[in-house]
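One letter stands for each residue in the lines below.
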Amino acid sequence: MTAPIVRTLSELRAMTRGWQRAAEIIGVVPTMGALHDGHLSLVARAKEQADRVIVTIFVNPKQFNTPEDLENYPRTEHEDAAKLERFGVDAIYVPDGAQIYPDGFATNVSVSGLTEVLCGAHRPGHFDGVATVVTKLFTQTSADLAFFGEKDFQQLQVVRRLARDLDLGVEVVGCPTIREIDGLAMSSRNLLLSDQARGRAAVLSDVMEDMASALTSGASIGDLMTEAKARLKASGFGDVDYLEMRTNDSLALIERAEEPARLFAAVWMAGVRLIDNIDVPVAR
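Parameters at a glance
Residues numbered from 1 in each chain as written. Predicted model: local features only at pLDDT ≥ 70, side-chain atom pairs only at ≥ 80, totals over all residues. Heavy atoms only, no water. Salt bridge = Lys/Arg side-chain N within 4 Å of Asp/Glu carboxyl O. Helix = DSSP H or I, 4+ residues; strand = E, 2+ residues; numbered from the N terminus. Buried < 20%, exposed > 50% of the residue type's maximum accessible area, 1.4 Å probe, protein only. Pairing = 2+ DSSP bridges. Contact = heavy atoms within 4.5 Å. Axes fitted to C-alpha atoms, helices over the stretch in contact; angles between N-to-C directions. Right-handed = clockwise from strand over helix to strand, strands pointing away.

Engineer: Tell me about the pattern of salt bridges, and name the residues and values.
Structural biologist: Counted under the stated rule, the structure contains eleven salt bridges. The residue Arg52 makes a salt bridge to Glu24 at a minimum N-O spacing of 3.1 Å. A residue pair is termed long-range when its members are at least 10 positions apart, and Arg52 in strand β3 (residues 52-57) and Glu24 in the loop between α1 (9-21) and β2 (26-31) qualify at 28 residues. Across the pair Arg262 and Glu150 runs a salt bridge, and its minimum N-O distance is 3.7 Å. Taken together, the residues Arg262 in strand β8 (residues 261-269) and Glu150 in the loop between β5 (145-149) and α8 (153-165) connect sequence positions 112 residues apart. Note on Arg262: relative accessible area 8%, which makes it buried. Note on Glu150: relative accessible area 22%, which makes it partly exposed. Three or more residues are tied together by salt bridges with common partners; here these are Glu24, Arg52 and Asp90.

Structure follows, in structure tokens:
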């Protein structure tokens with residue numbers, strides 16, 4: 001079934017008002033397009049839990065740090081709509097900038113405490129852009145449920161916090177990271193890698209899995225860092241923005257797996273910034 005592509009807030013609200021009157025649960029899957037199986041797993045989950053499902057596609061300029069990155073981000077609306085056909089979603093919301101940030105827009109949503117570390121430390125203002133657009137999309141879609149992947153775990157925690165703090169009435173559902181056969185976390189940015197770079201990129205997940213195993217066996221992350229970075233460099237990776245273990249809830253930096261934690265990485269491969277995270281069970 002081909003879902004209607006809705007481009008204005010007035011069109012969208014004309015749809016959602018009827019769903020709300022019927023007491024139907026509205027689920028939203030916010031995306032920036034260039035959909036892959038990771039996004040589609042969120043759509044499948046939304047179809048299981050909600051009566052109505054809206055997929056949003058909006059390349060949010062406020063969460064990019066350079067004009068070049070914004071310009072290069074893949075835009076594949078036609079292909080995205082085709083991929084969504086088999087799910088029978090109820091609407092694909094594709095607003096332009098004026099629908100999200102109209103003339104005179106002057107409000108910024110900022111979440112403190114979770115945004116100063118990891119990607120927040122390397123991409124100033126990024127999470128303000130995420131928090132602002134997500135707040136807009138939640139209110140515009142009248143969502144009851146919102147579905148986000150754990151691949152962007154810091155983003156997931158930021159969105160959970162803003163939904164709770166602002167009483168938005170949205171339950172934020174985290175869904176497992178979907179990976180390629182070789183272990184690389186699915187990402188729209190993978191499309192920017194050459195075939196050769198794409199083949200080398202899978203080493204990141206191998207390195208992280210080995211680190212997580214050692215951490216669960218009682219090692220400290222400091223013990224593992226030199227070898228891990230050497231393996232990444234030997235595989236063709238460039239700068240490592242971070243490779244850290246942090247607690248699940250507060251994202252506090254820790255050295256040993258003495259409480260529920262995740263291993264986080266952001267590394268560069270052939271000019272493309274790749275992020276990943278994996279669960280680290282409490283050390284035995």
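Engineer: I'd like a rundown of the sheet that holds strand β4 (residues 91-93), residues and numbers included.
Structural biologist: As summarised here, the arrangement of the six strands in space is β1-β4-β3-β2-β5-β6, forming an open sheet in which the pairing is parallel. The two strands at the open ends of the sheet, each matched to only one other strand, are β1 (5-6) and β6 (171-175). Sheet topology note: the β2/β5 ladder contains two bridges and is parallel. Paired with Gly27 across the two strands is Leu145, which belongs to β5. Lying on the sheet, helix α2 (residues 37-49) is in contact with β2, β3, β5 and β6; it crosses β5 at an angle near 155 degrees. Sheet strands touched by α8: β5 and β6. Its angle to β6, the strand with the most contacts, is close to 165 degrees.

Engineer: Explain the sheet that holds β8 residue by residue, including any values.
Structural biologist: Where strands meet in a sheet, backbone hydrogen bonds hold them as pairs that are either parallel or antiparallel. Strand order in this open sheet of three strands is β7-β8-β9, and the pairing throughout is antiparallel. A single partner strand is all that each edge strand has here, and the edge strands are β7 (240-247) and β9 (272-280). Each strand axis lies, on average, 10 degrees off the axis of its neighbour in the sheet, ignoring direction. Both β8 and β9 contribute to a ladder of nine bridges, which runs antiparallel. By the bridge assignment for β9, Val267 is matched with Leu274. Packing of helix α10 (residues 203-216) onto the sheet brings it into contact with β7, β8 and β9, and relative to β9 it is tilted by some 30 degrees. Against the sheet, helix α11 (residues 221-234) engages β7 and β8, with an angle of about 145 degrees to β7.

Engineer: Describe unusual backbone geometry, naming the residues involved and giving the relevant values.
Structural biologist: In terms of backbone geometry, most residues other than glycine have negative phi values and most peptide bonds are trans. Despite not being glycine, Ala23 has its phi angle at roughly 60 degrees, a positive value. Here Ala23 is to be found in the loop between α1 and β2. A positive phi angle, near 50 degrees, is found at Ala34, a position not held by glycine. Within the fold, Ala34 resides in the loop between β2 and α2. According to the relative accessible area criterion, Ala34 is buried, its value standing at 3%.

Engineer: Lay out the pairing of β5 with the relevant residues and their values.
Structural biologist: With four of five residues buried, β5 is to be regarded as a mostly interior element. Relative to β6, β5 is paired through five bridges, and the arrangement is parallel. Across the sheet, residue Ala146 finds its bridge partner in β6, namely Val172. With α8 bridging β5 and the parallel β6, this β-α-β connection has right-handed handedness.

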